[in-house]
Structure formats: C-alpha cells, structure tokens
Amino acid sequence: MPPMVEITDVRKSYGDGFEALKGVSLDILDGEILALLGPNGAGKTTLISAICGLTQPTSGTVSVGGHDVVTEYRGARALVGLVPQEINLEPFERVMNTVRFSRGLFGKPRNDAMLEKILRQLSLWDKRDSRIMELSGGMKRRVLIAKALAHEPQVLFLDEPTAGVDVELRRDMWEIVAQLQNDGVTIILTTHYIEEAEAIADRIAVINKGDILLVEEKSALMTRLGQKELRIELQEPIDRVPDILAAWNMRLEQDGLVLVYSYDTTQDRTGIATLIREISDAGLILRDLQTRQNSLEDIFVGLVAEQEDAA
Amino acid sequence: MNLQAVRAIYVFEMSRFFRTLLQSFVSPVISTSLYFVVFGAAIGSRIEQVEGVSYGAFIVPGLIMLSVMTQAISNASFGIYFPKFIGTIYELLSAPINFLEIVMGYVGAAATKALFIGVVILGTSAMFVDLTIQHPFAMLAFMVLTCLSFALFGFIIGIWAQNFEQLQLIPLLIITPLVFLGGSFYSISMLPPVWQTISFFNPVVYLVSGFRWSFFGLADVPIGLSLLAIAGFTAMCLGIIWLIFKTGWRIRQ
Ligand SMILES: Nc1ncnc2c1ncn2[C@@H]1O[C@H](COP(=O)(O)OP(=O)(O)OP(=O)(O)O)[C@@H](O)[C@H]1O
Ligand SMILES: [Mg+2]
C-alpha cells in the first residue's frame, strides 16, 4: 500500500532566513500512529503546517492520499483533520455551532447525527450549547479535536494534544486516539512527552533543528537503543570513582552513594559479574543493586546530544 | 466549487449578526434620526431646496451611502481580521477551499449586513421626509453593488491590518472624509469651480451621484460614469484579493 502521507525533501525558510526544516523526508503509513518527538523549536509545528496548508514549503513536496498538497489541495485537505497546538477558538461561539461550521467548511453536508457521535465520543455532548469561554482548558482541547473530526478525516494531526493537560485527561486522550485508530484513522501526533510516544505510537520519528534524526518502529527502537543501567548503592559514600575501576566508565550519583554503570543489553557479555568482583576488590561495600531499562527519553536525549556534538 | 463552505462561512458570520440584531437595528435608526434633526431641520430650514428637491429628501441617498459604505467596510474587515487575531484562521487555511469561496462567504455576509442597514435607514428616512424613488431597481442595484464593493475593500483592510488600530485607521482616515466630501450633503454644483474639479477625483462622488440619480433622476456626473466607477472599484478590489491569496501575503507565513 502506498503511504498515506508522503513528505519528500521539504525545506522551509521563514522570512528572516531561518531554516526551520532542512530537507525532511518521511512516509506516514495508512492506519498507523506516528509520534513526532522533538524539543521546543525542533520544527514539529512547521512540518505539520506545511502538510496542512498553513505554510508554503520553500521547496519539496508533500502528498496526502496521493494528492499533492499544493496542486491538488482540495483532494489532499479533504482527507486531513488538524488539531493545532494553540487553543484557537472563538470565545463567544457555542460548541455545536463551531463544530458544525468546521464540517461545512470542509464541504460536507450537514449531519447532526454524526456530530452528536463525535461530541459523545469526546464527552462534550452535554456541553454542546455552552459557549467556548465557559469550558475548561481540557474541554476546549477536545472541542478542537471535535472540530478536526467533524468532516470525518482519514488523517488526523494532533499538535501536542496533551500539553498542559492533567494525567486523567491525558489518558482519556490516549484512549480517544486508540479508538480513532480502530476506526481506521491515520494519526500523527507531536509531543515532548516521551512516555506518550511510548504509550501509544506505532512508530516514532525524532526531529531536532529541522532534521529528522530517526524514524523507527517503537519496539525496534526500544531494543536497538535499549541501554540498561546498573545502580550500585554503597554502604559509605566515596569522593570519586577509584582508579582501578576507571575502565568501567561509571559515574557517581547521590553524593557519592551510588555508582552507575551503563551497559548494552544486546551485548553477549555485560561484564557485571566481573564488575561486582572488582568493586569488592577495591574495598567498597555494596548495600543494594538495581537495574533500570533505558526509557525512550534517554534515547531521545542521547540522539539530540549526538546531533549537537556533530554540529 | 465548495458551496457548502461558502454557506458555512456565510451562516456563521450571519449568526454573529443575528445575535446582536437589536443593536444592528437600533443604532442606524437613531443616527439617521439625528441626521434629520441636525441637517434636515436646522440646515434644511435655511436651504429648503436643492435642484428642485427638498433638502431633507436630498440628503437621503448620501446618508444611506455613508452608512452602507462604512458598515460594509467595518463588517468585512472585522470578519476576516477576527479569525486572524484569534487564530481560528488556521481552519480556513487548512480547508479544501479557494480564495473565491472564502471571499464569497465573508464578503457576502458583510454585504448582507450593510444592505440590511441601508434598508433600515431608507425606512427611517421615509418617516421624516416624502420620498419618491424614480428608478427603484437601479436604486437597489446601486445599493447592492456598493455593499459588495466596499465589503471587498473592507476584506482587504482586514487582511492587511495587524492590530485593531490599523483596522480603524483606513475607514477613519480615508473613507469618512471621502464620503463627507463626496457630495452626500450637497450638490457638487454648489461648490466653487476649483473644488468641483477636485471633487471629480473623489470616487465616492460617482457613487453618491449615481445613487441620487436613482432617487430623483438628477446627478452630478453621468450615470454611465457612475456605473463604470463602481465596476472599476470592484474589479480592483477583486484583483488585489486574488493577489493576496496567490502570494499568501499576511496569511500564510
Ligand atoms: N512564523 C515564523 N517566523 C519565523 N520563525 C518561525 C516562525 N514559526 C516558527 N519559527 C521558528 O521555526 C522553528 C521551529 O518552530 P516550530 O514551531 O515548528 O517548533 P516546534 O517543534 O513545534 O516547537 P514546540 O515544541 O515549541 O511547539 C523555531 O526556531 C521557531 O522560532
Ligand atoms: Mg509546536
């Protein structure tokens, strides 16, 4: 099957000459959830804007469902729903009205039964006659989602749907995303929260400074870059790692009470047994041992640091 | 053509208008009445007749034009400025619509509101003075065309404006003087020759003159010229809007 969204060598320079996208290529597959992960200013919103028609790429092409977003914008945009990062809503409008407007704008005939279904799914049905300004922040975010879904898009872009949202609502949001995927919607979401990408994405793309650093199946990514840490708690704190242990590249934490050793789980020999022996040879007394699987966060921080070093 | 979208924008914009229908109705009634008290009664009692028409009746076309133009501009400029200001413009930009459809929705709604106010003023005036309209269809056509072309102009201002001050600037600085100096309250022939010549560079003169002709059959400039002026103005506005959307100026970064 051809990709749902095909991004080919997209560059974007803003008026001031700043290059926010430096030749991004990315295929988004039909029916997947792709998390676009990157720090502030990485270019996530810019990339989404280029796909959805909010900004004109300086060069490169984007197509959605086989339609070029510039030359065949009607076909492309009809497939796309966009939930922007900022809460952009008219405060005096009523929920139902604004959702109905969105549907009409995308050329769909009025269908209040469909809108009811969407509002119920987002727990907004009771609020359908409320003014936007009477809603809480989380509800407003859901109104934005309802607006994006009102025309039954096949691809949904969620730009930081859970920024500034409490834990409960974040879980709700994840559930909604999962439901939408069940309904066959392709979903691209941007986030700073690694646990979010970890929790719901099928694939993860890491973007920084306008470059895609990596795109990979989540599970493959986790194993490939999966590092483990052995945390060795000592009876007595030490000032520095003893010289005879220097080869292990350990670091000291918690005022010298914890030695941390990072190792790769994919290696045949991790050397832990030898390390433990050498530690007791050095005269240190162990109190406790813990291991910790590297989270996506560490992978991410590692990747970004690598790019920084390369620059 | 995405007519659903045009309809959606139009209905959405009009619903804003209907929410404040009473205001929209009352304020032109009051201001028109004030004009009649000041111009009609105070000044009119000294002038009595202009070119065979009572002064009270003479100013009616100008009064209507004044309101219709400013209303069309302010409604249309606000209509498109507001989504820009509040950020909801993202939806327009990401929707499968072209500039013509966006313009039809916003300008159509703004023109409708202006037309409504024009009709209210006409009705109010009829209570103060005897009005006979010699060419009712031409009158209506002129009013509709003026609503549309000035709404187009307002749309451009709304896209150009980057803050609320700029939104008010053009109407205040350019339109109001042009309208007041455009023969709304006097006949151009009443001016000294130099000022008559200067007046003919004022586009509003052609509109007011044509509109007044549809009422009383008398005009400062030939009616054909008036029609040409309004058609030219409309075409110019459409051209500018087309350029704006083509280049994405002040809309798409
Ligand atoms: N309109 C603009 N004009 C000039 N520069 C811009 C504009 N919009 C964004 N940028 C710059 O482009 C870069 C990428 O911005 P973008 O909004 O895409 O980042 P992001 O990944 O979405 O960040 P965040 O996580 O903070 O939302 C930033 O350095 C930003 O300053
Ligand atoms: Mg962003």
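The structure under discussion appears in the preceding block.
Summary of the structure given here. Residue positions are counted from 1 within each chain, in the order its sequence is given. The lettering of chains begins at A and the numbering of ligands begins at 1, in the order of writing. For a predicted model such as this one, the threshold for reporting local features is a pLDDT of at least 70, and the threshold for listing and counting side-chain atom pairs is 80 or more; totals across whole chains, interfaces and linings nevertheless cover every residue. Derived side-chain values reflect all non-hydrogen atoms in the structure, with water molecules and hydrogen atoms excluded from consideration.

## Structural notes on the sheet that holds strand β5 (residues 67-68) of chain A
The strands making up a sheet associate through hydrogen bonds between their backbones, and the pairing can be parallel or antiparallel. Threshold: Here a strand pair is declared whenever DSSP counts at least two bridges between the two strands. Think of it this way: any DSSP run of H or I at least four residues long counts as a helix, any run of E at least two long counts as a strand, and we number them from the N terminus.
Sheet architecture is open: four strands sit in the order β2-β1-β4-β5 (chain A), paired in antiparallel fashion. The outermost strands of the open sheet, each flanked by one partner alone, are β2 (19-28) and β5 of chain A.

## Section: the coordination of the magnesium ion (ligand 2)
Residues and elements named next belong to chain A. Operational definition: Only nitrogen, oxygen and sulfur atoms count as donors, using a 2.8 Å cut-off from the metal that widens to 3.2 Å for Na, K and Ca. Water is left out, so coordination shells may look unfilled. Accessibility here uses a 1.4 Å probe with only protein chains present; expressed as a share of the type maximum, an area under 20% marks a residue as buried, one over 50% as exposed, and anything in between as partly exposed.
The protein atoms that coordinate the magnesium ion (ligand 2) are Thr45 (OG1) and Gln85 (OE1), at distances spanning 1.9 to 2.1 Å. With a gap of 40 residues between them, threonine 45 in helix α1 (residues 44-52) and glutamine 85 in the loop between β6 (80-83) and α3 (95-105) connect regions that are remote in the sequence. We classify threonine 45 as partly exposed; its relative accessible area is 33%. Residue glutamine 85 is classed as partly exposed on the basis of its relative accessible area of 26%.

## Structural notes on the pairing of strand β9 (residues 203-208) of chain A
Residue and element names in this part refer to chain A. Burial runs high along β9: six of the six residues are buried. Residues Arg203, Ala205 and Ile207 of β9 are buried on one face, and the alternating residues Ile204, Val206 and Asn208, pointing to the opposite face, are buried as well. With four bridges connecting them, strand β3 (residues 33-37) and β9 associate as parallel partners. Across the sheet, leucine 34 pairs through a bridge with arginine 203, a residue of β9. Both β9 and strand β10 (residues 211-217) contribute to a ladder of six bridges, which runs antiparallel. Paired with alanine 205 across the strands is valine 215, a residue of β10.

## Things to note about the site of ligand 1
Residue and element names in this part refer to chain A. To keep things clear, this is the line we draw: If even one non-hydrogen atom of a residue comes within 4 Å of a molecule or strand, that residue is called near it. Side-chain atoms alone can form a polar contact between residues adjacent in sequence; in general such a contact is a pair of N or O atoms within 3.5 Å, and within protein one must be able to donate a hydrogen while the other accepts it. For the accessible areas, the method is Shrake-Rupley and the probe is 1.4 Å, while residue cover comes only from the protein chains on display.
For ligand 1, the set of nearby residues contains 16 residues, the closest of which are Asn40, Lys44, Thr45, Thr46 and His192. The separation between an oxygen atom of ligand 1 and a polar side-chain atom of threonine 45 is 2.6 Å. Interatomic distance of 2.5 Å between a side-chain N/O atom of threonine 46 and an oxygen atom of ligand 1. When the free accessible area of ligand 1 is taken as 630 Å², the share hidden by the protein chains comes to 69%. If one sorts the elements of the shell around ligand 1 by residue count, α1 sits on top with three residues.

## Quick notes on the nonpolar core
This is how it is decided: We define the nonpolar core as a collection of buried residues of types Ala, Val, Leu, Ile, Met, Phe, Trp, Tyr and Cys that are connected through side-chain atoms lying within 4.5 Å of one another. Note on contacts: a residue pair qualifies if any of its non-hydrogen atoms lie within 4.5 Å across the two residues.
Grouped together as the largest cluster of nonpolar side chains are 150 residues, with contacts concentrated most on Ile7(A), Phe155(B) and Phe245(B). A per-element tally of this core places helix α3 (residues 55-86) of chain B first, with 15 residues. Not counting chain neighbours up to four residues away, the residues in contact with Phe155(B) comprise Ala76(B), Ser77(B), Ile80(B), Ile102(B), Val103(B), Tyr106(B), Val107(B), Ile241(B) and Phe245(B). Residues Leu234(A), Ile238(A), Val241(A) and Tyr263(A) belong to the second largest nonpolar core, which totals 14 residues.

## Describing the pairing of strand β8 (residues 186-191) of chain A
Residues and elements named next belong to chain A. Applicable threshold: Orienting the strands away from the viewer, one traces the path from the first strand over the helix to the second; a clockwise path indicates a right-handed crossover.
Burial runs high along β8: six of the six residues are buried. Neither face of β8 is left uncovered, since the one carrying Thr186, Ile188 and Thr190 and the one carrying Ile187, Leu189 and Thr191 both have all their residues buried. Here β3 runs beside β8; their pairing, made up of five bridges, is parallel. Paired with leucine 34 across the strands is isoleucine 188, a residue of β8. Handedness of the crossover joining strand β7 (residues 155-159) and β8 through helix α6 (residues 167-182) is recorded here as right-handed.

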